[in-house]
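Listed below, chain by chain, are the residues.
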Amino acid sequence: MAITSFSTRMQAVAAMTFLAAAGPAAGLKAQGLESTETVNRIVGSQVKQEEAKANSEAGNVNSAIDRTRENIGTVRKTSKLDKVDIVFLTDAARSEGGPPPEIETKVKQHQDDITELRKEIEANALLFNAIESRRVQAQDVLAVEFDNPGKIVIYAAAKPSN
């Protein structure tokens, strides 16, 4: 009996080790984040994306960056949204040299707050799955703006994956 018990425990340990090694990414792939329907079911919100030039959105982005400290708390508390808009600032992507000077200056001024915001987005299942569904990395998020109740705009220095 002791041998069987030991064998069973070893199998359980091996199974847990395998699952831990697979990590959370395996679960996301299993859920099929390629499907809009699946993303909407997981996020519970409509996720939309648009592309914009950083210079044309600089005022909105800088205003959102100035409110990063207060938005961190809102991100932390957010568990339901009606709409998630992701604005790709395509010319601000790392592959394009990063944000233009007027945005980069704000990013540097609020660097610690933006780092904390990115961590909160990664810790928030709704927002993390929303950006992950559009292949946005948290490190590319410059700012968020809670536009109306139930709506968030996420500004990302990235290009959409097509």
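Participant: Whenever I open this one, the pattern of salt bridges confuses me. Can you help?
Facilitator: Think of it this way: side chains of opposite charge can pair up when their charged atoms draw near. Scanning the entire structure with this criterion turns up 11 salt bridges. For the salt bridge of K106 with D66, the shortest nitrogen-to-oxygen distance reads 2.8 Å. In this pair, K106 sits in helix α5 (residues 101–109) while D66 sits in helix α3 (residues 54–66), placing the two residues 40 residues apart along the sequence. The salt bridge involving R67 is made with E145; its shortest N-O contact spans 2.4 Å. Taken as a pair, R67 in the loop between α3 and α4 (68–77) and E145 in strand β3 (residues 141–146) lie far apart in primary sequence, 78 residues in all.

Participant: Help me understand the packing of helix α6 (residues 111–123) against helix α7 (residues 125–133) in this model?
Facilitator: When two helices pack together, their arrangement is given by the angle between their axes and by how far apart the axes lie. Orientation of α6 relative to α7, taken along the N-to-C sense of each, is 95°, at an axis distance of 5 Å. Taken as axis vectors, α6 and α7 run roughly perpendicular relative to one another. Of α7, the residues touching α6 (which contributes I121, E122 and A123) are A125, L127, F128 and I131. Within the contact of α6 with α7, the residues separate by chemical class into 6 nonpolar, no polar and 1 charged.

Participant: Quick question: what am I supposed to make of the sheet that holds strand β1 (residues 46–52) here?
Facilitator: Hydrogen bonding along the main chain pairs the strands of a sheet, whether they run parallel or antiparallel. Taken in spatial order, the 4 strands of this open sheet run β1-β2-β4-β3, and their pairing is mixed. Strands with a single pairing partner mark the edges of an open sheet, and in this sheet they are β1 and β3. Neighbour-to-neighbour, the strand axes of this sheet turn through a mean angle of 20°, independent of strand direction. Bridge count for strand β2 (residues 83–89) against strand β4 (residues 151–156) is 6 bridges, and the pairing is parallel. Bridge pairing in β4 places V87 opposite Y155.

Conventions adopted
Residues numbered from 1 in each chain as written. Predicted model: local features only at pLDDT ≥ 70, side-chain atom pairs only at ≥ 80, totals over all residues. Heavy atoms only, no water. Salt bridge = Lys/Arg side-chain N within 4 Å of Asp/Glu carboxyl O. Helix = DSSP H or I, 4+ residues; strand = E, 2+ residues; numbered from the N terminus. Axes fitted to C-alpha atoms, helices over the stretch in contact; angles between N-to-C directions. Parallel < 35°, antiparallel > 145°, perpendicular 65-115°, else oblique. Contact = heavy atoms within 4.5 Å. Nonpolar A, V, L, I, M, F, W, Y, C, P; charged D, E, K, R; others polar. Pairing = 2+ DSSP bridges.

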